Amino acid sequence: MKRKWLMAFTALILTFSLALLGCNSDSKTGGKSGGKNGKGTKLEIFSWWTGAGEEDGLKAILADFKKKHPDINVVNAAVAGGAGTNAKAVLANRMQAGDPPSTFQVHGGAELNDGWVAAGKMEPLDDLYDKEGWRDKFPKDLIDLVSKDGKIYSVPVDIHRGNVIFYNKKIFEENGLQPPKTFDDFKAVADKLLKKGITPLALGDKEPWAATMVFEDILLGKLGPDDYRGLWTGKVGFDDPRVKDAAETFKSWIPYFNKDHSSRNWQDAAQLVGEGKAAMNIMGDWAKGYFTNDLKLKTNVDFGWTTTPNTSDDFMVITDTFGLPKGIDNPDQVKTFLSYLGSTEAQDIFNPLKGSIPARVDADPSKYDEYGKQTMEDFKTAHITPSLAHGSAAPEGFLTKVNNAMNIFVTQQNVDNFINTLVSASSDLK
Ligand code: GAL
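This is a predicted model, so every value here is computed, not measured.

Draft legend 1. Molecular detail of the site of the ligand. In the region of the ligand, 14 residues are neighbours, and Glu-54, His-107, Asp-320, Lys-354 and His-390 sit closest. Within the side chain of Lys-354, an N or O atom sits 2.7 Å from an oxygen atom of the ligand. At a separation of 2.7 Å, an oxygen atom of the ligand approaches a polar side-chain atom of His-390. For the ligand, whose accessible area on its own is 310 Å², the fraction buried by protein is 100%. Structurally, the ligand is housed in the largest cavity. Of the residues assigned to the shell around the ligand, the class counts are six nonpolar, five polar and three charged. Among the domains, domain 1 (38-159 + 318-386) and domain 2 (161-317 + 387-429) are the pair contributing at least three residues each to the shell around the ligand.

Here's what the structure looks like:
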């Protein structure tokens, strides 16, 4: 009960701060995006890439772009909060107020197509793809994720993988452990660690999407790629016994989490693994950017990786893309930026820092570390599945309901209540 009140109060404070944040960002950057701000038209790039592990890639491409286009007034309008927790709300306010940023971070899939495209807020980019000769430069699966009714609406800058376990190599070596492949392996490894007093699985679900990610990876492992995809097309119901099995499995993992998981964000959780205070962390591979850029850890020396149980042939895809909103004053500048973003040059600057692989098929693998090279290879043959937690699988309204349900489930641990909420929320998925 106390927690519920706390959540409601936090939501109120958040809404209030977001309203302020929205005002601030406008007054700082001089009013309507694409409008005149006294120093010329501004190109406002809106994302949630701020701080630890998030902003290095963005800063590097913005600096390179500014060098190439000194005449364009680039403004980094990032709003902090993992997975767009705050940025998406600020964006929604601005779109509603007819004040879109020049371009904004949006996940390929439902978030783009059922969200901003369906609402008539985006311009198609087919001409840009033709001009740049891009139609065969991005994987077909990815172009499909950024297309609706035969038109392309955004440019993918990266491909992140969501079904990854990052682990502390020293802890694994010292305890004679092998990276788990199956659910049984995972349980055996985690139980052994628990007995030794080592936190098996770091979680930071202060923002509940981090728990949703763990759950979606369990769902994928239990259902397999076809039936996991079936959840989003209505072919498989949330009352399927395997969904319940996934919820039971998640519940059985709760004792493996660090006790303070609800007060940590994803970086704070990854840090536990980086510093040897927990053994494993299930996170998208932006965590790799955090390990290498911020904690200065060495790939495959300090930390290793494997896929989440039973998903080694699958790739939970998360793609960050940027498009052209309707109603801005400087579409040509935005197109100049998008042309740059889609170039191999920009992608090979951004992705080695971000932890992701390039969206383009012809990028230069030599620019990537061992993790990046292996992930590029895996992507070519894996079954591609859309992430729920990162907006690709289902519309935002459904995701919000799942995140809320997840938050309650982690605390109350009531599988039936959780499943009932999923089943009733799933009527939102046409
Ligand atoms: C995802 C996004 C990633 C990364 C992550 C954590 O939604 O696609 O690029 O930023 O959130 O904030």
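Draft legend 2. Quick look at the packing of aromatic side chains. Tallied over the full model, the rule gives 30 aromatic pairs. With 5.9 Å between their ring centres and 50° between their planes, Tyr-129 and Phe-138 make a pair best called tilted. Among the aromatic residues, those joined into a cluster by ring pairs are Phe-166, Trp-266, Tyr-290, Phe-291, Phe-303, Trp-305 and Tyr-371. Over the aromatic face of Phe-183 sits the side chain of Lys-222, whose NZ or CZ is 4.1 Å from the ring centroid.

Draft legend 3. Structural detail: the side chain of Asn-113. One can find Asn-113 in helix 4 (residues 110-117). In this structure Asn-113 comes out as buried when scored by relative accessible area, which is 8%. Side-chain polar atoms of Asn-113 contact the backbone oxygen of Ser-147, separated by 3.3 Å. Residues in contact with Asn-113, not counting those within four places in the same chain, are Ala-118, Asp-144, Leu-145, Val-146, Ser-147 and Lys-148.

Draft legend 4. Examining the sheet that holds strand 11 (residues 303-307) more closely. Sheet architecture is open: four strands sit in the order 9-10-8-11, paired in mixed fashion. The sheet is open, and its two borders are formed by strand 9 (199-202) and strand 11, each paired with just one other strand. Looking at each pair of strands side by side, their axes are set apart by 25° on average, direction ignored. Note that strand 9 and strand 10 (residues 278-282) share three bridges and pair parallel. In the strand pairing of strand 10, Thr-199 is matched with Ala-278.

Draft legend 5. Focus on the domain arrangement of the chain. Each assigned domain of the chain is listed here: domain 1 (38-159 + 318-386) and domain 2 (161-317 + 387-429). Contacts between the two partners involve 37 residues from domain 1 and, on the opposite side, 39 residues from domain 2. Summed over both sides, the interface of domain 1 with domain 2 buries roughly 3,200 Å², with 56% coming from carbon and sulfur. Together, Ile-318, Tyr-371 and Pro-386 form the three largest contributors to the area buried by domain 1 at its contact with domain 2, with a combined 26%. Across the pair Asp-378 and Arg-161 runs a salt bridge, and its minimum N-O distance is 3.0 Å. Seen at the junction of domain 1 and domain 2, the total is 24 residue pairs in polar contact (both at pLDDT 80 or more).

Each value, and the rule that gives it
Residues numbered from 1 in each chain as written. Predicted model: local features only at pLDDT ≥ 70, side-chain atom pairs only at ≥ 80, totals over all residues. Heavy atoms only, no water. Near = heavy atom within 4 Å. Polar contact = N/O pair within 3.5 Å; in protein donor to acceptor, adjacent residues only side chain to side chain. Areas by Shrake-Rupley, 256 points an atom, 1.4 Å probe, with all protein chains shown as cover. 1 Å grid on protein atoms, 1.4 Å probe; cavity = no way out; pocket = protein on both sides within 12 Å on 5 of 7 lines; lining within 4 Å. Sits in = over half its atoms within 2 Å of the grid points. Nonpolar A, V, L, I, M, F, W, Y, C, P; charged D, E, K, R; others polar. Domains from an automatic or database assignment. Phe/Tyr/Trp six-rings, centres within 6.5 Å; stacked < 30°, edge-to-face > 60°. Lys NZ or Arg CZ within 6 Å of the ring centre and 35° of its normal. Helix = DSSP H or I, 4+ residues; strand = E, 2+ residues; numbered from the N terminus. Buried < 20%, exposed > 50% of the residue type's maximum accessible area, 1.4 Å probe, protein only. Contact = heavy atoms within 4.5 Å. Pairing = 2+ DSSP bridges. Axes fitted to C-alpha atoms, helices over the stretch in contact; angles between N-to-C directions. Buried area = accessible area lost by both parts, 1.4 Å probe. Salt bridge = Lys/Arg side-chain N within 4 Å of Asp/Glu carboxyl O.

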